[in-house]
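Chain by chain, the residues:
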Amino acid sequence: MKKILFYLIALLFFASCKTHNTSVVADNNHQNTTKDSNQKYDYYQPNRLKYIDEDYLPQIGYSHLSASSWVFAPPIIYLDQNNTLTLTFDEISDNKKDYYYSFILCDAMWQPCDLLQSEYIQGFFEDQITSFKFSRNTLVNYVHYSLTFPNENMQPTKSGNYLLHVWYYNGNEKVTALTKRFYIAENKINIQANIHYATSIEYRNYQHEIDFSIFKNNVEIIDPYKNLTVVLQQNGRYDNCIKNLKPSLIRGDELIYDFENENIFDANNEFRRFDIQSLNYYTDRISKIERRDQMIHVYLKTDFRRPYQQYISTDDINGRFLIKNEDGKDIDTESEYVWVHFLLSYDYPLNEGSIFLQGAFTNWGFNEKYKLNYDYKLKGYSDSLLLKQGYYNYQYVYLKDTEASADATFIEGRHAEADNDYTIYVYYREPGEYYDRLIGVKSYNSKNKK
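The notes below deal with the structure included here. (Residues numbered from 1 in each chain as written. Predicted model: local features only at pLDDT ≥ 70, side-chain atom pairs only at ≥ 80, totals over all residues. Heavy atoms only, no water.)

A word on the pairing of strand β15 (residues 228-234)
This is how the line gets drawn: Categorising residues by exposure relies on relative accessible area from a 1.4 Å probe, with only protein chains included: less than 20% of the type maximum marks a residue as buried, more than 50% marks it as exposed, and the intermediate range marks it as partly exposed. Secondary structure elements follow DSSP: runs of H or I of four or more residues count as helices, runs of E of two or more count as strands, with numbering from the N terminus. For two strands to be treated as a pair, DSSP must find at least two bridges joining them.
Most of β15 sits out of view: seven of its seven residues are buried. Both β15 and strand β29 (residues 421-428) contribute to a ladder of seven bridges, which runs antiparallel. The residue bridging Thr 229 from the neighbouring strand is Tyr 427, located in β29.

Next up, the structure:
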């Protein structure tokens, strides 16, 4: 009874700390401001499945999907390598749920394909997540779930973009818990890229240019201007992807993409960071650690705008996060959940947009949960998030009310010296087909740019 009473107190505190939410939104009525313009007002539509990375339930503590071989590896399965992906997530609860999952094949623009599941899934069309563990020796009780796929019960058979859909049943109703994007890729082509400072003198100190070539390797590609789709991605973001580039030149087996304006990204800055792997000492970004209301509160040092500051080279992990616990033995079940308090100093509130936290731990999205409120008393934008112990990268982005892509340079600045991860996805749709094959994917880091 004492444990149940504590959990109720913790949940009430969780709801009250998010002052910018007028109510705790449960299940699929979870507010979300996704970046695709055609989905901008999805959070007004309860029970709508969104084809993005999203945690739909407020009790989902964290979620992460990566290649099983390395926690920082992108969620890509190669048809000729038999590698697997691993999903992990926590539900803040005393009791386990029966979670189920399935896959949805999407096109290059992340819209569902007009195909039956039997046309791209071998085995069952849905399956139960059976691996779970209860937390131990933590103030916040949670259940840790994990899933590795493809497995003997379910295997995707076509290359392309996929959505991993996780839900539980409330009676006969499916209640979505989370969705994650992943890729099934073929190694049919060769991609060679040259990442360098922008060719334009005006932007040379601020932007990166990604010139690249696709070598068909005798793969028949009918009308590459019409049937080939190329997407460029910076770090893990989807809102600022460059899409639908067409070859600037075709030379034999080589498709050349060499532009001055169509293939440039703002270089931004190195990511900010904080380390809460241990709660027994202060790391360099921690201002204060308090234990109150049967919870732990970590206050980060005040952040400041830095668009006009000199570039400083620092080691980061390009927006990723790592769950890790130096105070216990089992990272999955003995890592504590703590309230992390952010404060971005700002003299006045912005009237034409909002400030969001962004990084892998926010799913690179724009959920209301990660929007900061202006605090007149603190003279800045503040937020508090319940996060699991680990090491985190983050940045502040400014999202104008009428824009579909956020601006990181407004708060963080932009420096061509900063390093970023860039990924090139190449899709091909055979004439008469209803889906886009992912025939090649290649990632690069801009550290060695010229």
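From this point on, the discussion continues.
Section: the nonpolar core
Test applied: Nonpolar core, defined: a set of buried Ala, Val, Leu, Ile, Met, Phe, Trp, Tyr and Cys residues in which side-chain atoms within 4.5 Å join the residues together. Working rule for contacts: check all heavy atoms of both residues, and any pair within 4.5 Å makes them a contact.
Counting 52 residues, the largest nonpolar core has Phe 89, Tyr 99, Phe 103, Phe 149, Val 166 and Phe 182 as its most contacted members. Sorting elements by how many residues they give to this core places strand β12 (residues 173-185) first, with seven residues. Among all residues touching Phe 149, those that are not within four sequence positions of it are Leu 65, Ile 77, Thr 84, Leu 85, Phe 103, Leu 164 and Phe 182. Of all hydrophobic cores here, the second largest spans 41 residues; its members include Phe 271, Leu 279, Ile 296 and Leu 385.

Remarks on the pattern of salt bridges
Spelled out, the test is: Any Lys or Arg side-chain nitrogen located within 4 Å of an Asp or Glu carboxyl oxygen qualifies as a salt bridge.
In total, this model carries 25 salt bridges according to the counting rule given. For the salt bridge of Glu 290 with Arg 292, the shortest nitrogen-to-oxygen distance reads 2.6 Å. When the shortest N-O distance is used, the salt bridge between Arg 292 and Asp 293 registers 3.7 Å. For Asp 293, a relative accessible area of 47% corresponds to the partly exposed category.

Observations concerning unusual backbone geometry
Put simply, Phe 149 and Pro 150 share a cis peptide bond, and its omega is -5°. With respect to the helices and strands, Pro 150 occurs in the loop between β9 (143-149) and β10 (154-156). Its identity is not glycine, yet Asn 82 carries a phi of approximately 60°, on the positive side. Tracing the backbone through its elements, the reader meets Asn 82 in the loop between β3 (76-78) and β4 (85-91). Assessed through its relative accessible area of 70%, Asn 82 is described here as exposed.

Structural notes on the sheet that holds strand β24 (residues 337-345)
Worth spelling out the cut-off: All axes here are fitted lines through C-alpha atoms, helices being fitted over the stretch that makes contact, and every angle between N-to-C directions spans 0 to 180 degrees.
A sheet is described by the order of its strands in space; here five strands give the open sequence β21-β22-β24-β27-β26, paired in mixed fashion. The open sheet has two edge strands with one neighbour each: β21 (286-292) and β26 (373-375). Averaged over all adjacent pairs, the angle separating strand axes in this sheet is 30°, with direction ignored. Strand direction decides the pairing type here: β26 and strand β27 (residues 380-388), joined by three bridges, are antiparallel. Note on β27: the bridge partner recorded for Tyr 374 is Tyr 381.

Considerations on the environment of Asn 227
To be explicit about the condition: Counted as a polar contact is a pair of N or O atoms within 3.5 Å, where, for protein atoms, one must be capable of donating a hydrogen and the other of accepting one, and residues adjacent in sequence contribute only when both atoms are in side chains.
With respect to the helices, strands and loops of the structure, Asn 227 is situated in helix α2 (residues 224-227). Judged by relative accessible area, which is 14%, Asn 227 ranks as buried. For Asn 227 and Pro 431, which are 204 residues apart along the polypeptide, the C-alpha to C-alpha distance reads 7.5 Å. In contact with Asn 227, not counting residues within four places along its chain, are Ile 222, Tyr 427, Tyr 428, Arg 429 and Pro 431. A distance of 2.6 Å separates a polar side-chain atom of Asn 227 from the backbone oxygen of Ile 222.

Let's talk about the packing of aromatic side chains
How we decide: Any two of the Phe, Tyr and Trp rings considered here, Trp counted by its six-membered ring, make a pair once their centres fall within 6.5 Å; the pair's planes then place it as stacked at under 30 degrees, edge-to-face at over 60, or tilted in between. Placement of a positive charge over a ring is assigned whenever Lys NZ or Arg CZ falls within 6 Å of the ring centre and within 35 degrees of the normal to the ring plane.
Using the criterion set out here, one finds 39 aromatic pairs in the structure. Ring centres of Tyr 99 and Tyr 168 lie 6.0 Å apart, and the angle between their planes is 90°; this geometry places the pair in the edge-to-face category. Residue Tyr 99 is found in strand β5 (residues 99-106), and its partner Tyr 168 is found in strand β11 (residues 160-170); the two are separated by 69 residues along the sequence. In this arrangement the basic side chain of Arg 181 is found over the ring face of Tyr 238, its NZ or CZ atom lying 3.5 Å from the centre. In this structure, Arg 305 packs its charged tip against the face of Phe 410, placed 4.5 Å from the ring centre.

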